[in-house]
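# Summary of the model geometry
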Amino acid sequence: MLSEPLAGIEVEEGIGELRAGNLGLRIARTPEELEAAQALRYRVFYQELGAQPDAAAAASGRDCDRYDGVADHLLVMDHDLGDGPDAVVGTYRLIRREAAESIGRFYSADEYDISLIERFPGHVLELGRSCVDAAYRGRAAMQLLWRGIAAYVFTHNIDLMFGCASLPGTDVDALAAELTYLYTNHLAPADIRLRALPSRYVDMRRMDPAEIDPRQVLVGLPPLIKGYLRLGGFVGDGAVVDYQFNTTDVAIVVQTDLVTGKYFRHFERDRDRR
């Protein structure tokens, strides 16, 4: 039997559960499942990737903030491990405009001027806090997450997705090729181009683009950023160094009318089977 629903959250049931063998994907339904996602985020971000926890995070072993309470949380579940919190092996946090308005801001506003997004006339969705357990970082889990996002976009008629995506480390000169490549080849159109806040702005143009080997750069980009680019995504103007999380962040914007149709076809087939 399920525990009581997440306090203060209208749990999203529209996408049901998507399956790929023993793996399933659905929205978190209980406080215990949300805590399992937060514990997974802590293990990946803090214990594996070197983020620096504050006292509360270190004591709880959870990565959590006020945005969790208004978000929907996609969960990848390994049903060989069960059907509840112990089965959570991947997660992605989704915040719709209405949810952000309920607490006064989007998470990305800490790093970027998102006024263009706030004025955007359609439905918008912020994505963030994505991670997968180290034992599940193959194609299946990531494909499930992308299918889940596509299903969510389809269900809620989302027109624009955005968020921060991370490159590992805080040495921007060591990331010169990646940042320059992204700015040169994938800069967002002016009407949806987020810009890093002046106090945090780091110029992404760090070397001569002619000196870059695009294939080599693409191979080295984090899978999440490559996934966004495959969906027709763009980057904003300016990187942001996040010393707490040991990352260099870039803003990502995806117009959903450009999203590759195969993910929507997956969802439509799954929905027809239910």
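Above this text you will find the structure in question.
Read on for a plain summary of the structure. (Residues numbered from 1 in each chain as written. Predicted model: local features only at pLDDT ≥ 70, side-chain atom pairs only at ≥ 80, totals over all residues. Heavy atoms only, no water.)

### Structural notes on the pattern of salt bridges
Going by this rule: By salt bridge we mean one thing: a side-chain nitrogen of Lys or Arg within 4 Å of a carboxyl oxygen of Asp or Glu. The helix and strand labels rest on DSSP assignments: H or I over at least four residues marks a helix, E over at least two residues marks a strand, and numbering proceeds from the N terminus. Exposure categories follow from relative accessible area, calculated using a 1.4 Å probe and restricted to protein chains: below 20% of the type maximum is buried, above 50% is exposed, and the middle band is partly exposed.
A full pass over the atoms with the stated rule returns 13 salt bridges. A salt bridge links D68 to R41, with the shortest nitrogen-to-oxygen separation between them at 3.0 Å. Note that D68 is positioned in the loop between α2 (55-60) and β3 (72-78) and R41 in helix α1 (residues 31-48), a separation of 27 residues in sequence. Here D68 matches R41 in class, with each residue buried. Among the salt bridges present, the one from D65 reaches R93, with a minimum N-O distance of 2.8 Å. On the criterion of sequence distance, the pair formed by D65 in the loop between α2 and β3 and R93 in strand β4 (residues 88-96) is long-range, its members being 28 residues apart.

### Here we look at the layout of surface pockets
Quick note on the threshold: Points on a 1 Å grid, built from protein atoms alone, make a cavity when a 1.4 Å probe fits but cannot get out and make a pocket when they are open with protein on both sides within 12 Å along at least 5 of 7 lines; residues with an atom within 4 Å of a point are the lining residues. Grid points are joined across faces, edges and corners, and a volume is the space filled by probe spheres set on the points. Any residue outside Ala, Val, Leu, Ile, Met, Phe, Trp, Tyr, Cys, Pro, Asp, Glu, Lys and Arg is labelled polar, Gly included; the first ten of those are nonpolar and the last four are charged.
For the largest pocket, the calculated volume is near 930 Å³. Taken together, 35 residues make up the lining of the largest pocket; nearest its centre are F45, L49, S130, S166 and L224. When contributions to the lining of the largest pocket are tallied by element, the ones reaching two or more residues are α1, β4, β6 (124-132), β7 (160-168), α8 (223-230) and β11 (247-255). Counting residues per element, the lining of the largest pocket draws most heavily on β6, at seven residues. Among the residues making up the lining of the largest pocket, the classes are represented as 20 nonpolar, seven polar and eight charged.

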